[in-house]
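Report on the structure
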Amino acid sequence: MRYLSESFAVGALRRSASIEQFLGPAFHGERRGVRWVAIEPRRNGRYAVMVYLNWDIGGEHFGDLLEFPPLDPHADDDGELLAEVGDAVEALVTAERSLNAVRERWTNVGVAAEDYFDYVRSGRLPDPLTKDAATNVVRTLLSTGGGDERTVTWWLDGLRHRTGCLHISDMIFWPAGRSRTAEEIIDHAWSCEPISL
């Protein structure tokens, strides 16, 4: 079983074992990366919620997220402390509210690489993500819906982070008549400001 139940995740944290979750794509300019979160028990009895933004240098045979260098070449390699809280459940809630982590997708350390491999096989956007490549992704979403929910989420997160267009999913899926073409959607998205790290 890849994922920890809530009771197992909380139990691991209370036994001073870290847990982690793969979140999906990130971008730093043109540089493609990945986001993941870890909850790390501290010696003082508190729990650090750490977010990592790493350069996506992996593939189908290499997914050790800890070995990926920082996405921002000038950033610290140790991740960013999002919060330090006094309760294991509070740490889960903090990651969910701040990073859209999912309660049912926590793993033991090292196992989040399996989600990364799923991402590589089905949800990773082309590199480089040119305007034409993004248009093809949107065209696929318009014509097929994109496949399973996780793949669609990864594609939309990647497009949102790369372009800065926070409402790109609304432009693709609403209104029900979908009157815009893939080219029109990407023209609009490309005019937005990319989301900074």
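To be clear, the structure that these remarks concern was listed above.
Cut-off values and rules
Residues numbered from 1 in each chain as written. Predicted model: local features only at pLDDT ≥ 70, side-chain atom pairs only at ≥ 80, totals over all residues. Heavy atoms only, no water. Helix = DSSP H or I, 4+ residues; strand = E, 2+ residues; numbered from the N terminus. Rg over C-alpha atoms; globule rule 2.2 N^0.38 Å. Buried < 20%, exposed > 50% of the residue type's maximum accessible area, 1.4 Å probe, protein only. Contact = heavy atoms within 4.5 Å. Areas by Shrake-Rupley, 256 points an atom, 1.4 Å probe, with all protein chains shown as cover. Lys, Arg positive; Asp, Glu negative; His and termini not counted. Charge placed at Lys NZ, Arg CZ, Asp CG, Glu CD. Phe/Tyr/Trp six-rings, centres within 6.5 Å; stacked < 30°, edge-to-face > 60°. Lys NZ or Arg CZ within 6 Å of the ring centre and 35° of its normal. Core = buried A, V, L, I, M, F, W, Y, C linked by side-chain atoms within 4.5 Å. Pairing = 2+ DSSP bridges.

Points about the overall build of the protein chain
In terms of helices and strands, the protein chain carries seven helices and five strands. Expected size for 197 residues packed as a compact globule is a radius of gyration near 16 Å; at 18 Å, the protein chain falls within 12% of this value. Summarising its shape, the C-alpha atoms of the protein chain cover approximately 55 × 35 × 30 Å along the three principal directions. Across the 197 residues of the protein chain, 49% fall into the buried class. The long-range fraction of contacts in the protein chain, counting pairs at least 24 apart against all pairs at least 6 apart in sequence, stands at 63%. A total of about 10,000 Å² of accessible surface is found on the protein chain, and carbon and sulfur atoms cover 49% of it. The average position of the 21 basic charges and that of the 31 acidic charges among the side chains of the protein chain differ by 3 Å.

Considerations on the packing of aromatic side chains
Applying the stated criterion across every chain yields a total of nine aromatic pairs. Centroid distance F62 to F68: 5.5 Å. Interplanar angle 45°. Geometry classified as tilted. Where F68 meets Y116, the ring centres are 5.4 Å apart and the plane angle is 75°; that geometry is what we call edge-to-face. Here Y116 lies in helix α3 (residues 112-123) and F68 lies in the loop between β3 (47-55) and β4 (80-85), a separation of 48 residues in the sequence. Judged by relative accessible area, F68 falls into the buried class, the value being 1%. Judged by relative accessible area, which is 0%, Y116 ranks as buried. Taken together, F22, F62, F68, Y116, F117, Y119 and W154 form an aromatic cluster joined through their ring pairs. The ring of W55 is capped by R31, whose NZ or CZ atom sits 3.6 Å from the centre of that ring.

Digging into the nonpolar core
Counting residues in hydrophobic clusters, the biggest one holds 22 residues, and the most contacted among them are L129, V138, L141, L159, I168, I172 and I185. For this core, the elements supplying multiple residues, two or more each, are α4 (131-144), α5 (149-163), α6 (168-173) and α7 (182-190). A per-element tally of this core places α4 first, with six residues. Excluding anything up to four places from it in sequence, V138 contacts L159, I172, A182, I185 and I186. In terms of nonpolar packing, the next biggest core, distinct from the first, is built from 21 residues, A12, A91, L99 and A101 among them.

Things to note about helix α1 (residues 6-14)
For α1, the set of buried residues is A9, V10, G11, A12 and L13. Considering only its buried residues, α1 is in contact with β1 (19-28), β2 (31-41), β3 and α2 (88-99). One or two steps after α1, the chain reaches S16, where phi turns positive at roughly 70°.

As for the pairing of β2
Of all eleven residues in β2, eleven are buried; the element is thus mostly enclosed. The two faces of β2 match: R31, G33, R35, V37, I39 and P41 on one face and R32, V34, W36, A38 and E40 on the other face are all buried. The pairing of β1 with β2 spans nine bridges and is classified as antiparallel. Of the residues in β2, the one forming a bridge with F22 is W36. The turn joining β1 and β2, which pair antiparallel and follow one another in sequence, is formed by two residues; a positive phi near 65° is taken by G29. Pairing geometry for β2 and β3, over nine bridges, is antiparallel. What sits directly across from A38, in β3, is M50. Hairpin geometry of β2 and β3 is characterised by an intervening segment of five residues between the two adjacent antiparallel strands and by a positive phi of about 85° at G45.

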